[in-house]
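What follows is each chain in one-letter form.
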Amino acid sequence: MLTSITDGILCCLTGKTDNLVLPLESSKPSDGFEFVEVKPGRVLRVRHIVPERQPLEKQAPGKQRTDVDCNDNDNDPTEEPNKDSDVGTSVHCKRKISVYRDGQLVIENLGDVLHSEILQCQDGDLEPCSTVEVELADYREIASSPDPNPVPLPGPVHTGEQKPAPPPRRRRRKPKRTVLIDSKRVISSCKGTHSDVALFFVHGVGGSLDIWSSQLDFFSRLGYEVIAPDLAGHGASTAPQIAAAYTFYALAEDLRAIFKRYARKRNILIGHSYGVSFCTFLAHEYPDLVHKVVMINGGGPTALEPSLCSIFQLPSCVLHCLSPCLAWSFLKAGFARQGAKEKQLLKQGNAFNVSPFVLRAMMSGQYWPEGDEVYHAELTTPILLVHGMCDKFVPVDEDQRMAEILLFAFLKVIEEGSHMVMMECPDTVNTLLHEFFLWEPDMSKKSSCKADVEKTVSACETLTTLKHHKSVDK
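Just so we're clear, the structure is a prediction, and the values are computed from it rather than from any experiment. (Residues numbered from 1 in each chain as written. Predicted model: local features only at pLDDT ≥ 70, side-chain atom pairs only at ≥ 80, totals over all residues. Heavy atoms only, no water.)

On to the overall build of the protein chain, then. A count of helical and extended segments in the protein chain gives 14 helices and 15 strands. When each of the 474 residues of the protein chain is scored for burial, the buried share is 50%. For the protein chain, long-range pairs separated by at least 24 residues make up 79% of all intrachain contacts whose partners lie at least 6 apart in sequence. Total accessible area on the protein chain stands at roughly 23100 Å², and carbon and sulfur atoms take up 54% of it. (Helix = DSSP H or I, 4+ residues; strand = E, 2+ residues; numbered from the N terminus. Buried < 20%, exposed > 50% of the residue type's maximum accessible area, 1.4 Å probe, protein only. Contact = heavy atoms within 4.5 Å. Areas by Shrake-Rupley, 256 points an atom, 1.4 Å probe, with all protein chains shown as cover.)

Take a look at the structure:
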C-alpha cells in the first residue's frame, strides 16, 4: 500500500504513468500464443489453439491462413458446408421495428421465434409466428397507446331521436423511423469435430485472455479451434500511452482485425462484460459469419456512454495510489465469495492487472451511441445470455431486458455465480456453452402447426412496446 502511494506521488511529480503490462514469460508460440500487429506498433497477444486432429485448411495456392478476409468468397457461409458439418436448419427472421418521436420502441415479430431450454433439450421448439411480450407501455392514457383503432368508451345515454355523438377519431401516429428485417438464417449444431467452426473469447475491462483458461482448455480438448486476444493495454499486449487508443471504436477495429485473421465459416463469439459490446459489434457487422453469440454478464441493450461522475475520472496518479483499494473492491464485487480460492483465481487470471492510465482511458472511452436498443433488435444471431445472480456490477434485470429485445435469445442464471462466473463456476459455464454450441432448432413441429397459422397471425399484429430509457454505462 505504501509503495503504491509513493509511486503515485512520483507519478504526479514526473507526469508519467507506469506501464504495468509486460509480456509474460509463458507467451511463446509453442504454448499457443501469438503476437499479432493489428496496426503499426499496436501488437496484441492472442492465444490460438488449433486441434491436432484438424487438417490444414484447403485454400488456393499462395493464399495464407492469415489473409482470410471476411468478405472473401472463401468464407461465404452460403457455400456448401464442410462434409463433416451439419446441414443446419433454415429459420425465417422477419421483424418490424418502429421508433416513435416520444422515444417509444415498438417491435413486431412476424417470422419464426425460437424457444429452447438449454441443458434440458438439444432441439428447440419453433413457432411459425408469434410476438414476444416485454415491458408494456402505460395504457392509462389513450394517447400513449400504439393501437391506431382503440375501442371507444361508451358515451352518455341520450333520450329522444337524438343520436349519441360519435367518438373523436384519432390520427394514426407515424413512426420516426422504421427498420424492417426479412432474411433467412441457417442454424446448425457446432461440434468440435467440425473444422469450419472457431470460438472467439473476448474479455472485459481489466481482464486478460487468462480469465478464459478453463474454457480454452475445455473446448480445445473437445477439438474446437479457440482464439482469445488480450485487448490493448491488457495482459501481454502493448499499452499505448494515448487515451485515443482505448476508445470503443479503436478497440473494435483491433478485434475486427483479429476476427478477419482467424475467422472460419461458422464462428461463435463469447464475450464477458465490456467484451459483450465488441461481440455485438462483430455480429452486426458480419451476420453471415457469426453463427452464435454468448453474452456473459454484459448488461442491457443500451448505447454506451461514460459516466461523468465516476472514480475513474480521477487523475491517473490518484488511481495509482488507490489501486490496492480498487483491486480489493473488484474482488469484493466480482466474486460471490472472497476466500483464498477467489484471490488465487484473480491472480491466475491476471485480472485487474492494468496500469491506472489504461484503466482510466478504458472507462472514459466507452462511448458507442450506435449500440442502442434498435441496434440489438436488428441482430438475427442466436444468443445465449449467462448471468451470475450475485453480480454486483450488472443487475439481472438488464440481462432480462436484453433477452426481451433480442430476436433469438436464451437467458440462463447461475445462482452461485457473480460477475466472474466463468472463473467461479467453470464446469457449469462450460456445460451451458457446450449445449448451446450443439443446439439446433427443431423444425418437426413447424409442419404440425400449419393448421393453426391463421390463429397465430392475429397474435403477430399485437405490437410490443418498450420505453426507451436513458443509456447507462456497462
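Moving on, we get to the packing of helix α2 (residues 213-221) against helix α12 (residues 426-438). The contact between α2 and α12 brings their axes to 10 Å, and the two run at 45 degrees. Between α2 and α12, the crossing angle belongs to the class labelled oblique. α2 and α12 meet at a crossing whose hand is right-handed. When α2 is examined against α12, the residues Ser-214, Gln-215, Phe-218 and Phe-219 are found in contact with a partner set consisting of Pro-426, Val-429, Asn-430, Leu-433, His-434 and Phe-437. Residues that form the contact of α2 with α12 fall into these classes: six nonpolar, four polar and no charged. (Axes fitted to C-alpha atoms, helices over the stretch in contact; angles between N-to-C directions. Parallel < 35°, antiparallel > 145°, perpendicular 65-115°, else oblique. Left-handed = near helix turned anticlockwise from the far one by under 90°. Nonpolar A, V, L, I, M, F, W, Y, C, P; charged D, E, K, R; others polar.)

Two aromatic rings are characterised by how far apart their centres lie and by the angle between their planes. Counted by the stated rule, this structure contains 19 aromatic pairs. Measuring from centroid to centroid gives 5.0 Å for Phe-218 and Phe-219, while their planes differ by 90 degrees, and the two rings are edge-to-face. Take Phe-219: its relative accessible area is 0%, and that puts it in the buried class. For the pair Phe-248 and Phe-278, a centre-to-centre distance of 5.0 Å together with 10 degrees between the ring planes defines the contact as stacked. In this pair, Phe-248 is assigned in helix α3 (residues 248-262) and Phe-278 in helix α4 (residues 275-285), connecting sequence segments 30 residues apart. Judged by relative accessible area, which is 1%, Phe-278 ranks as buried. Site record: aromatic cluster; members linked through ring pairs are Phe-248, Tyr-249, Tyr-274, Phe-278, Phe-281, Trp-368 and Tyr-375. If you follow Lys-292 out to its NZ or CZ, it ends over the ring of Phe-436, 5.4 Å from the centre. (Phe/Tyr/Trp six-rings, centres within 6.5 Å; stacked < 30°, edge-to-face > 60°. Lys NZ or Arg CZ within 6 Å of the ring centre and 35° of its normal.)

With 50 residues, the main nonpolar core has Tyr-246, Phe-248, Ile-258, Phe-259, Leu-269, Phe-278 and Val-293 as its most contacted residues. Contributions of two or more residues to this core are made by β1 (33-39), β2 (42-49), β8 (197-202), α3, α4, β11 (290-296), α8 (356-364) and β12 (383-388). Ranked by the residues each element gives to this core, the list is headed by α3, at seven residues. Once residues within four sequence positions are removed from consideration, Val-293 is found in contact with Leu-269, Cys-279, Ala-283, Thr-381, Pro-382, Ile-383, Leu-384 and Phe-436. (Core = buried A, V, L, I, M, F, W, Y, C linked by side-chain atoms within 4.5 Å.)

This next bit is on α8. Of all nine residues in α8, seven are buried, a share of seventy percent or more. Every buried residue of α8 is listed here: Pro-356, Phe-357, Val-358, Leu-359, Ala-361, Met-362 and Met-363.

Our focus in this paragraph is the sheet that holds strand β10 (residues 266-272). Pairing in this open sheet of eight strands is mixed, and the strands run β1-β2-β9-β8-β10-β11-β12-β13 from one edge to the other. The sheet terminates laterally at β1 and β13 (409-414), the two strands that pair on one side only. Taken over all neighbouring pairs, the strand axes of this sheet differ in orientation by 20 degrees on average, direction set aside. As judged from the four bridges shared by β11 and β12, these two strands associate in the parallel manner. Directly across from Ile-296, in β12, lies its bridge partner Val-386. Against the sheet, α4 contacts β8, β10 and β11, and its axis sits at roughly 155 degrees relative to β10. Where α12 meets the sheet, it contacts β8, β10, β11, β12 and β13, and its direction lies at approximately 155 degrees from that of β11. (Pairing = 2+ DSSP bridges.)

Before going further, it helps to spend a moment on empty space enclosed by the protein. The tally for this structure, following the rule as stated, stands at two cavities of 30 Å³ or more. In this structure, the largest cavity occupies an estimated 60 Å³ of space. The wall of the largest cavity is formed by Phe-200, Phe-201, Val-202, Ile-227, Pro-229, Leu-255, Ile-258, Leu-269 and Leu-282. Within the residue set of the lining of the largest cavity, elements represented by two or more residues are β8, β9 (225-229) and α3. When residues of the lining of the largest cavity are assigned to their parent elements, the largest contribution, three residues, is made by β8. (1 Å grid on protein atoms, 1.4 Å probe; cavity = no way out; pocket = protein on both sides within 12 Å on 5 of 7 lines; lining within 4 Å. Points joined across faces, edges and corners; volume = space filled by probe spheres on them.)

Moving on: the pattern of salt bridges. Enumeration according to the criterion identifies nine salt bridges in this entry. Among the salt bridges present, the one from Arg-45 reaches Asp-210, with a minimum N-O distance of 3.4 Å. Remark: Asp-210 occurs in the loop between β8 and α2 and Arg-45 occurs in strand β2; sequence separation between them is 165 residues. Side by side, Arg-45 and Asp-210 carry an identical accessibility label, which is buried. Put simply, Arg-45 and Asp-230 hold a salt bridge, and the shortest N to O gap is 2.6 Å. Here Arg-45, found in strand β2, pairs with Asp-230, found in the loop between β9 and α3; they are 185 residues apart in sequence, far enough to count as distant. Each member of the pair, Arg-45 as well as Asp-230, is classed as buried. (Salt bridge = Lys/Arg side-chain N within 4 Å of Asp/Glu carboxyl O.)

With that settled, the discussion passes to unusual backbone geometry. Most peptide bonds are trans, and most residues other than glycine sit at a negative phi. Here the phi dihedral of Ser-273 falls at roughly 55 degrees; this positive angle occurs in a residue that is not glycine. Positioned with a positive phi, Asn-297 is a non-glycine residue whose angle comes to about 50 degrees. Exposure remark for Asn-297: the relative accessible area of 0% places this residue in the buried category.

For Val-429, the position within the fold is in helix α12. Spatially, the C-alpha atom of Val-429 lies 8.1 Å from that of Val-386, the residues being 43 residues apart in sequence. Among all residues touching Val-429, those that are not within four sequence positions of it are Gln-215, Ile-296, Ile-414, Val-421 and Met-422.

A few words now on the environment of Leu-251. Mapped onto the elements of the fold, Leu-251 is located in helix α3. Taking C-alpha positions, Leu-251 is 9.6 Å from Gly-365, a pair spaced 114 residues apart along the chain. In this structure Leu-251 touches Arg-42, Ala-232, Ala-245, Tyr-246, Tyr-274, Phe-278 and Met-362, once residues within four positions along its chain are discounted.

It is worth spelling out the packing of α3 against α4 at this point. Remark: α3 packs on α4, axes separated minimally by 10 Å, with the N-to-C direction vectors making an angle of 60 degrees. Judged by the inter-axis angle, α3 sits oblique to α4. When you trace α3 past α4, the crossing you get is right-handed. Counted together, Phe-248, Leu-251, Ala-252, Glu-253, Leu-255, Arg-256 and Phe-259 of α3 and Ser-277, Phe-278, Phe-281, Leu-282 and Glu-285 of α4 form the full contact between these two elements. Of the residues in the contact of α3 with α4, the class split is eight nonpolar, one polar and three charged.

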